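Residue-level listing of the chains:
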Amino acid sequence: MEIAELTRMLDVTWVLVAGALVFFMQAGFAMVETGFTRSKNAGNIIMKNLMDFAIGSVVFFVVGFGLMFGESAGGFVGTTGFINPTNLKLDIFETLTPGTFIFFQTVFCATAATIVSGAMAERTKFLSYCVYSFIISLVIYPVVGHWIWGGGWLSQLGFVDFAGSTVVHSIGGWAALVGAAILGPRIGKYGKNGEVNAIPGHNIPIGALGVFILWFGWFGFNPGSTLGASLEIGHIAMTTNLAAASATVVVMIVTWLTMGKPDVSMTLNGSLAGLVCITAGCQVVTMWGSIAIGVIAGFAVVFFVGFFDRCKIDDPVGATSVHLVCGVMGTLLVGLFANYAPGTENAITGLFYGGGLKLLGIQTIGVAAVGTWTVATAFIMFTVIKKTIGLRVSEEEEIRGLDVCEHNGPAYGDFMTKI
Amino acid sequence: MEIAELTRMLDVTWVLVAGALVFFMQAGFAMVETGFTRSKNAGNIIMKNLMDFAIGSVVFFVVGFGLMFGESAGGFVGTTGFINPTNLKLDIFETLTPGTFIFFQTVFCATAATIVSGAMAERTKFLSYCVYSFIISLVIYPVVGHWIWGGGWLSQLGFVDFAGSTVVHSIGGWAALVGAAILGPRIGKYGKNGEVNAIPGHNIPIGALGVFILWFGWFGFNPGSTLGASLEIGHIAMTTNLAAASATVVVMIVTWLTMGKPDVSMTLNGSLAGLVCITAGCQVVTMWGSIAIGVIAGFAVVFFVGFFDRCKIDDPVGATSVHLVCGVMGTLLVGLFANYAPGTENAITGLFYGGGLKLLGIQTIGVAAVGTWTVATAFIMFTVIKKTIGLRVSEEEEIRGLDVCEHNGPAYGDFMTKI
Amino acid sequence: MEIAELTRMLDVTWVLVAGALVFFMQAGFAMVETGFTRSKNAGNIIMKNLMDFAIGSVVFFVVGFGLMFGESAGGFVGTTGFINPTNLKLDIFETLTPGTFIFFQTVFCATAATIVSGAMAERTKFLSYCVYSFIISLVIYPVVGHWIWGGGWLSQLGFVDFAGSTVVHSIGGWAALVGAAILGPRIGKYGKNGEVNAIPGHNIPIGALGVFILWFGWFGFNPGSTLGASLEIGHIAMTTNLAAASATVVVMIVTWLTMGKPDVSMTLNGSLAGLVCITAGCQVVTMWGSIAIGVIAGFAVVFFVGFFDRCKIDDPVGATSVHLVCGVMGTLLVGLFANYAPGTENAITGLFYGGGLKLLGIQTIGVAAVGTWTVATAFIMFTVIKKTIGLRVSEEEEIRGLDVCEHNGPAYGDFMTKI
Amino acid sequence: MKTMKKIEIIIKSEKLEELKVALNELGVTGMMLTNIMGFGNQKGYTQTYRGAKYTVNLLPKVKVETVVCDDIYHQVLTKVQETVATGNIGDGKIFVYEVAEAVRIRTGETGENAI
Amino acid sequence: MKTMKKIEIIIKSEKLEELKVALNELGVTGMMLTNIMGFGNQKGYTQTYRGAKYTVNLLPKVKVETVVCDDIYHQVLTKVQETVATGNIGDGKIFVYEVAEAVRIRTGETGENAI
Amino acid sequence: MKTMKKIEIIIKSEKLEELKVALNELGVTGMMLTNIMGFGNQKGYTQTYRGAKYTVNLLPKVKVETVVCDDIYHQVLTKVQETVATGNIGDGKIFVYEVAEAVRIRTGETGENAI
Ligand SMILES: Nc1ncnc2c1ncn2[C@@H]1O[C@H](COP(=O)(O)OP(=O)(O)O)[C@@H](O)[C@H]1O
Ligand SMILES: Nc1ncnc2c1ncn2[C@@H]1O[C@H](COP(=O)(O)OP(=O)(O)O)[C@@H](O)[C@H]1O
Ligand SMILES: Nc1ncnc2c1ncn2[C@@H]1O[C@H](COP(=O)(O)OP(=O)(O)O)[C@@H](O)[C@H]1O
């Protein structure tokens, strides 16, 4: 065996393991969303999480990958590699093999897709959700992916989004926001006099398990984005973990001070907020930078959960606050906190480390461009769905619960539920 | 450090990680089986899943491994390496070290063993299940393992079962079928007039979590079966994932069309069906081949869940449809879809790629032989258990629930259950 | 790429993956403790498990790591590397990189911290628990860590604690014991006439899932403690698994014989007991040695769960019996069962393999020293907390449940609970 | 001594909020809500689980009990019927019973004063 | 005006199916089923959890309530007793109460017409 | 024939153990316990979930029902009230109803002999 081949094998092994961890995040999303919503819709939310992955896996393979990594049409979209993406001649195929790279990209695409189910939970028609899943994995995600990771125009600008605060989380988050807004709030969420009514989740332990699974999976998501074995992965794991930990602590304290008691489900959201926020910069910030980013994420998530409620955008699990807000913010904060390989050719330096405003400007352009694209396409998609097959279940179905009305009965057949 | 040694280390590292993932599938099985049965038996099904692993780990180490990998008696069974399997002089010990290889084989054995608990759930005596666990890990599995993976007669024939559709899943499946048939259906499952009564599971979210865990673990199960670092693992992960995804989509659509609504628990079974079905051929089929295999698995699992019910074989979690049917089918489909290393010495080519009927013939022989052996031994085992200590709990125990009658009280001490 | 660099990359990759698995054990602890206690405190126990990790991650980074690995003050405590631990000049940073090593040490520290929440469950004030978390990760754990893993006096003596039966588990266990004793039993646990009343857990399936997750994570915990790629990890995985499996079988049988029926939650404790007990010696004992150690752990855990109850120390999840008793015992058993590299320079040999009493003596000294330190500091800490902010919730809060009183409402908003 | 009646109202849970408001307006002093499974003219529905049909003929209902003085008893009956009725099968029933005695545990007061 | 009675039957859940069939045959028009915990002659049982004994003396029972006209009342009583009795402790009890009024919410009908 | 009464006691679950002991001492032969949600003078409390306030005005209570002979009826009433009262809002209520008939299913005995 030659050393080059052995290196390839280590690359492949590491990226495959990381990819499997990212896959496992699907379980995390499913559990978080299930736990934070009501028991009468638990089977439905499970099914949505399952189907967005299943549908997405197939369409991303057949079409999406080509749009993302195929030969570029002006830096805007890939144009080759459909049906048989393994036939593409990508450099990275030479190290990672086509299988490993496509696998890794598939699970990332699926992460973006699955974010939306939480924000639109408890009232979206199942069929419409399937259509949405199809479209985001087919085109919405791959196009942005091309811009940033497929050699497209944003990557050429020098836009930094190491593991996908923007590509993955903000896309999911923007789509979630548009979807939740068009869909309208759940019955009873906002009172006649504008008051916000709580609709507590039904299974906090399983929601918490979901958060732990996501946190665990993030050790594949961020360090795995090296796309090969690398000495940097330890640093990346540390920044990832410190950001999550400090965001968690901050949310715990903030809810305690502002709401009287430390709020369990919000604190769990806090962990996710820290993770999303560090994702763009996990490789390029220092450990103390990651703590700062985590702290900011913690404040942001609490504020924005309240903010969206005041806007009457009903997001049962806080997906927009976590993925959109912290995804955008994490990308921008790279412009402040980046301090990578200072003094070298590859240096990436933010404002706080003397890099000036340039990087921040590029990050802002990227965020704006991705936001515009995703909001526009998501708006068209959801509007068309609404006008054709309909986006929302009937009032009666919503009250009785989606499990009984859209599927084959209650998710918890044996337990008595409260009045 | 020399490159050879480093290669060994990478082999060991990869196989150990893969083995840990396969171990984790025990959690997946436990959760699926718990979620898809009733709450009054949840502690019991947990206990069965735990004990088959614990008992199996010890007896496979002491005896089973020797039967599987010891010096072959005519290609039929191993005859050395009992008590101290590390003393065997296996070639693979030279790369993987004895510990890694025995560990990996142990978790595979345990997977076969644990399949049965689902099919025999909610009515099997706990003691009898322990005896069964002991015997399958002691002898039933190791003998077949020897034929196919231990250098026995089937492997010499050229039988292809890369990661164990036959060795692991069909053995578990055949034993499950025999067990469920001898045991008889749960009280109330089939009406006097032959109608099939649904007995819904009590916790779909946790069952779904189990499916996600299994899917995750399968990224150790299939790619890990390379038994060493390899550039092929990315391809294997892709075929594994595509088969699972397409089977999931197919089942969702089929249940929607034939039963009026997309059935959650059946769709979850669909994912597993795809995974089992691709296991034999994951290394030797193309990605599009894996999609085809997934589609076939999807149709099969829906059909066979109904079929076994019409046969009045009560399998609460669908284990036979998933593991037996798709295990057998996946093995046979290798004979059609194999397209490995065409034009080379190691080429494995199925009917559809011009390889003729030869491979299909060998696969059929293997399936038949394993079926015969497992049905025969399982039949003897369960009959003897039935005649001696008894296989089934009393009617009263079945009605009150196994948790209260066979263990230390209900699994959910705090929740009220429905009338 | 040079071979040395590639080796480093493999080291880093392996330790990072192992560290991620150890991180995931947090989910395991959270689920075990949740499942084995009552539903009215489920959100609280989740929150405690989350916060001890989050708080611990930050303080261990800022201070704890320096105390553990900084320049030694007489073998007793580290004195440098605060605030910026990456600036330390550790040898291991040369291979693993600072990030990887600090990450791995962080998740170990968090494991010790999280053990206590189980023993003190269902009655401890949340604020007090946060203070405790802060202190154990800040100083109690790092000091012992310095003695044994940071080059301190115990490591110089030749004390063997490969993966932390003493460092991690017994520290957590001693603190748990002191905490539970000072706190007093839950209301209703012990009757007026001294009888022990059972307070059954509310969700055995999720508790069992926790055990499976822990078992899975242990394949990072023990093999990962090689702190680099190594051919030994397969052996370590085997001893780990065999000890856990045999302990499980023993507990199942013992509870069956002494309590009339095989006890589910105790058997699950048995698996953990085996895992904790093998942790110190997993690298240095034979596979049969590990079975023996597992068997001993099995007997011990059943005995000590009863024993602590007779002492009126109320430990809802059996944390002291599992982590303290088996942690201590596993460390001592190294003195009997060690049989590592016999005949070489690095030989570590226990009494049973002709090594005489020397190792046993050293192990005893280590156990005693760690016990003394932890009991003393934990006693001071909990006493001060008790005298200042108070350690225990009010009687009314305990009866109504901590979720409603200390947090934002019940963990299971939809389910009716029993009278 | 005026007498008291217990009014037992069986409804679907969807109607509970409206009923609570109505009863409060009428000045009832308390209620007891129980989850029950009801079986009446409403014949249930059929579900398919894994391809097997099963009939759910016990439907979840809420039983609302309130003890009132005879003065407002008729009023309550009428108001409840009006509030809850939709004209569909499954609207529910009201049953009324005599109450022989009532005690407020806190104070020991009895009879009408207790309610 | 004929009067009505409420029959309250406390049984083990195992007997519920048979009881439902029997009541249906007798033509009762509806039932209410409630989960209760019962305490009576049946003394419960002892379980061991983690080595500690605990006594379960509240046993889960089902309370079946049905309101019937006086005509069929005696018939129902006899039939139920016969159907459910096994002769073992814990078979359960039947209690009967007068019903002062009944209303069908859907239509507003009262009295016998309502049941 | 002496008559029987059903005593219906609504309390907080914290008081259940004491009540059970007291009733046993009085020689009641059985009880039925039901989980209910109660609404009375006790006005509930407010929780904050993710920053949004919500009011819990239905509080979990336990309904204890026991059927007794008229002999001990007054004794039971007094004893229960004394045992359970704390003087705080939310202590609960007792309601009493006439029982028209009682049957022990096991034996078919009726009336007083049945209880
Ligand atoms: N005779 C009865 N005795 C006891 N409960 C009854 C009786 N009739 C109806 N109920 C209860 O009332 C509920 C609603 O009754 P239903 O017959 O469906 O109403 P409607 O007459 O308006 O169609 C039933 O589910 C049942 O619980
Ligand atoms: N006096 C009573 N008041 C209220 N409920 C009673 C009374 N006696 C019995 N019960 C209820 O009936 C159930 C069965 O009674 P039990 O005494 O066990 O029956 P049996 O007399 O046939 O042995 C008890 O669990 C309890 O719920
Ligand atoms: N008029 C009533 N009808 C039915 N149930 C009542 C009535 N008044 C009170 N209750 C029940 O009794 C419980 C306790 O009553 P509450 O008014 O809080 O007691 P107190 O008068 O001692 O403050 C309530 O939660 C409710 O379930």
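This text follows the structure it describes.
Residues numbered from 1 in each chain as written. Chains lettered and ligands numbered in written order. Predicted model: local features only at pLDDT ≥ 70, side-chain atom pairs only at ≥ 80, totals over all residues. Heavy atoms only, no water.

(A) Expanded view of the overall build of chain D. Within chain D, the secondary structure is distributed over two helices and seven strands. In chain D, the succession of helices and strands from N to C terminus is β-α-β-β-β-β-α-β-β. A globule of 115 residues ought to have a C-alpha radius of gyration of about 13 Å, yet chain D, at 17 Å, is considerably larger. If one aligns the C-alpha atoms of chain D with their principal axes, the spans along those axes are about 60 × 30 × 20 Å. Within chain D, buried positions represent 60% of all 115 residues. In chain D, the proportion of contacts linking residues at least 24 apart, taken out of those at least 6 apart, comes to 70%. (Helix = DSSP H or I, 4+ residues; strand = E, 2+ residues; numbered from the N terminus. Rg over C-alpha atoms; globule rule 2.2 N^0.38 Å. Buried < 20%, exposed > 50% of the residue type's maximum accessible area, 1.4 Å probe, protein only. Contact = heavy atoms within 4.5 Å.)

(B) Layout of unusual backbone geometry. Residues and elements named next belong to chain B. One non-glycine residue with positive phi stands out, namely Ile83, at about 65°. Looking at where Ile83 falls in the secondary structure, it is placed in the loop between strand E2 (77-78) and helix H3 (91-119). For Lys312, which is not glycine, the phi dihedral falls at a positive 60°.

(C) View of the nonpolar core. Counting residues in hydrophobic clusters, the biggest one holds 482 residues, and the most contacted among them are Phe382 of chain A, Phe382 of chain B together with Phe382 of chain C. In contact with Phe382 of chain A, other than residues within four places in its own chain, are Val116, Met120, Tyr132, Ala175, Val178, Gly179, Ile182 and Leu391 of chain A. (Core = buried A, V, L, I, M, F, W, Y, C linked by side-chain atoms within 4.5 Å.)

(D) How the structure looks around the interface of chain C and chain E. Between chain C and chain E, the residue contacts involve 18 residues of the former and nine residues of the latter. For chain C, the biggest contributors to the area lost against chain E are Ala198, Pro200 and Met259 of chain C; these three give 36% of the whole. Inspection of the chain C/chain E interface yields zero salt bridges. Across the contact surface, chain C and chain E share four residue pairs in polar contact (both at pLDDT 80 or more). (Buried area = accessible area lost by both parts, 1.4 Å probe. Salt bridge = Lys/Arg side-chain N within 4 Å of Asp/Glu carboxyl O. Polar contact = N/O pair within 3.5 Å; in protein donor to acceptor, adjacent residues only side chain to side chain.)

(E) Representation of the pattern of salt bridges. All names here are of chain E. Within this structure, the stated rule accounts for 47 salt bridges over all chains. A salt bridge links Lys20 to Glu17, with the nearest nitrogen and oxygen atoms 3.2 Å apart. One end of the pair, Lys20, and the other, Glu17, are both in helix H1 (residues 16-26), three residues apart, so they sit about a helical turn from each other. Residue classification places Lys20 among the buried positions, given a relative accessible area of 10%.

(F) Spatial organisation of the interface of chain B and chain A. Contacts between chain B and chain A engage 56 residues on the former and 62 residues on the latter. Roughly 5000 Å² is buried in total at the junction of chain B and chain A, and carbon and sulfur atoms are behind 81% of that figure. The interface formed by chain B and chain A includes zero salt bridges. On inspection of chain B and its partner chain A, the count reaches eleven residue pairs in polar contact (both at pLDDT 80 or more). Elements that contribute at least two residues to the side of chain B that touches chain A include exactly helix H1 (3-35), helix H7 (204-221), helix H8 (233-259), helix H9 (264-279) and helix H10 (287-310) of chain B. Looking at which element gives the most residues to the side of chain B that touches chain A, the answer is H8 of chain B, with 13 residues. Of the residues in the side of chain B that touches chain A, the class split is 36 nonpolar, 15 polar and five charged. (Nonpolar A, V, L, I, M, F, W, Y, C, P; charged D, E, K, R; others polar.)

(G) Spatial organisation of the environment of Glu94 of chain B. Mapped onto the elements of the fold, Glu94 of chain B is located in helix H3. For the pair Glu94 of chain B and Ile199 of chain B, spaced 105 residues apart in the sequence, the C-alpha separation amounts to 51 Å.

(H) Representation of the site of ligand 2 in the model. Close to ligand 2 lie 22 residues; Asn41 and Gly90 of chain E together with Met31, Val67 and Arg104 of chain F are nearest. Two or more chains meet at ligand 2, and those chains are chains E and F. A distance of 3.0 Å is found between an oxygen atom of ligand 2 and a side-chain nitrogen or oxygen belonging to Arg104 of chain F. The fraction of the free accessible surface of ligand 2 (560 Å²) that becomes covered by protein chains is 99%. Top contributing element to the shell around ligand 2 by residue count: strand E5 (residues 59-69) of chain F, with three residues. Here the residues of the shell around ligand 2 are counted per class, giving seven nonpolar, nine polar and six charged. (Near = heavy atom within 4 Å. Areas by Shrake-Rupley, 256 points an atom, 1.4 Å probe, with all protein chains shown as cover.)

(I) Spotlight on a nonpolar patch on the surface. On the surface, Leu351, Phe352, Tyr353 and Leu357 of chain A cluster together into a nonpolar patch covering about 390 Å² of accessible area. By the secondary structure assignment, Phe352 of chain A is in the loop between strand E4 (348-349) and helix H12 (358-387). (Patch = residues over 30% accessible without salt bridge, like charges linked within 9 Å, V, L, I, M, F, W, Y side chains within 5 Å.)

(J) Geometry of the relation of the copies chain B and chain A. Rotating chain B by 120° and translating it 0.0 Å along the rotation axis places it on chain A, where the RMSD comes to 0.0 Å. Those values place the two copies in the arrangement expected of a three-fold rotation axis. Taking C-alpha positions as the reference, the residue of chain B nearest the rotation axis is Met416 of chain B, at 3.3 Å. (Least-squares fit on C-alpha atoms with pLDDT ≥ 70 in both.)

(K) Seen up close, the packing of H7 of chain B against helix H7 (residues 204-224) of chain C. Relative orientation of the contacting elements H7 of chain B and H7 of chain C amounts to 15°, with a least axis distance of 12 Å. Relative to H7 of chain C, the element H7 of chain B lies roughly parallel. For the pair H7 of chain B and H7 of chain C, the crossing hand works out as left-handed. Taking contact as the criterion, the partners of Ile206, Leu209, Ile213 and Phe216 of chain B in H7 of chain B are, on H7 of chain C, Pro205, Ile206, Leu209 and Phe216 of chain C. (Axes fitted to C-alpha atoms, helices over the stretch in contact; angles between N-to-C directions. Parallel < 35°, antiparallel > 145°, perpendicular 65-115°, else oblique. Left-handed = near helix turned anticlockwise from the far one by under 90°.)

(L) Highlighting the side chain of Ser170 of chain A. All names here are of chain A. You can see Ser170 is positioned in helix H6 (residues 165-183). The class for Ser170 is buried, based on a relative accessible area of 2%. Residues contacting Ser170, with those up to four places away along its chain left out, are Ser165, His323, Leu324, Val328 and Val370.

(M) Region of the structure containing the site of ligand 1. Around ligand 1 there are 22 residues in total, and Asn41 and Gly90 of chain D together with Met31, Val67 and Arg104 of chain E lie nearest to it. The site occupied by ligand 1 is bordered by residues of chains D and E. Here a nitrogen atom of ligand 1 sits 3.1 Å away from a polar atom, N or O, in the side chain of Thr29 of chain E. Between ligand 1 and Met31 of chain E, the relevant distance is 2.9 Å, taken from an oxygen atom to a main-chain nitrogen or oxygen of the residue. Listing elements by their share of the shell around ligand 1, those giving two or more residues are strand E2 (31-39) and strand E6 (93-99) of chain D together with strand E2 (31-39) and strand E5 (59-69) of chain E. Ranked by residue count, the leading element in the shell around ligand 1 is E5 of chain E, at three residues.

(N) Summary view of helix H11 (residues 319-337) of chain A. Residues and elements named next belong to chain A. Spanning 19 residues, H11 covers 25 Å between terminal C-alpha atoms, matching the ideal 27 Å at 1.5 Å per step. The largest bend along H11 reaches roughly 30° and is located at Cys326. Within H11, 18 of the 19 residues are buried, leaving the element largely enclosed by the surrounding structure. (Expected span 1.5 Å × (residues − 1). Bend = angle between axes of the 7 residues up to and from the residue.)

(O) Examining the packing of aromatic side chains more closely. As enumerated under the stated definition, the model contains 108 aromatic pairs over all chains in all. Relative to Phe219 of chain B, the ring of Phe103 of chain A lies with its centre 4.8 Å away and its plane at 55°, an arrangement referred to as tilted. Of this pair, Phe103 of chain A sits in helix H3 (residues 91-119) while Phe219 of chain B sits in helix H7, which puts the two residues in different chains. Taking relative accessible area as the criterion, Phe103 of chain A reaches 0% and is therefore assigned buried. Of note, Lys5 of chain E hangs over the ring of Tyr73 of chain E, and the distance from its end group to the ring centre comes to 4.8 Å. (Phe/Tyr/Trp six-rings, centres within 6.5 Å; stacked < 30°, edge-to-face > 60°. Lys NZ or Arg CZ within 6 Å of the ring centre and 35° of its normal.)

(P) Quick look at the pairing of strand E1 (residues 4-11) of chain F. Residues and elements named next belong to chain F. Most of E1 is tucked away: eight of the eight residues are buried. Sheet topology places E1 next to strand E6 (residues 93-99); seven bridges connect them, and they run antiparallel. Bridge assignment links Lys5 to a residue of E6, and that residue is Glu98. Bridge analysis of E1 against E5 gives eight bridges, and the strand direction is antiparallel. Paired with Met4 across the bridge in E5 is Cys69. (Pairing = 2+ DSSP bridges.)

(Q) Looking closely at the side chain of Thr34 of chain E. With respect to the helices and strands, the residue Thr34 of chain E is situated in strand E2. Relative accessible area serves as the criterion here: at 4%, Thr34 of chain E is assigned to the buried category. Each residue touching Thr34 of chain E, except ones within four places of it in the same chain, is listed here: Ile419 of chain B, Thr34, Asn35 and Ile36 of chain D, Lys61, Val62, Lys63 and Glu65 of chain E together with Thr34 of chain F.

In short, geometric facts, not functional conclusions.
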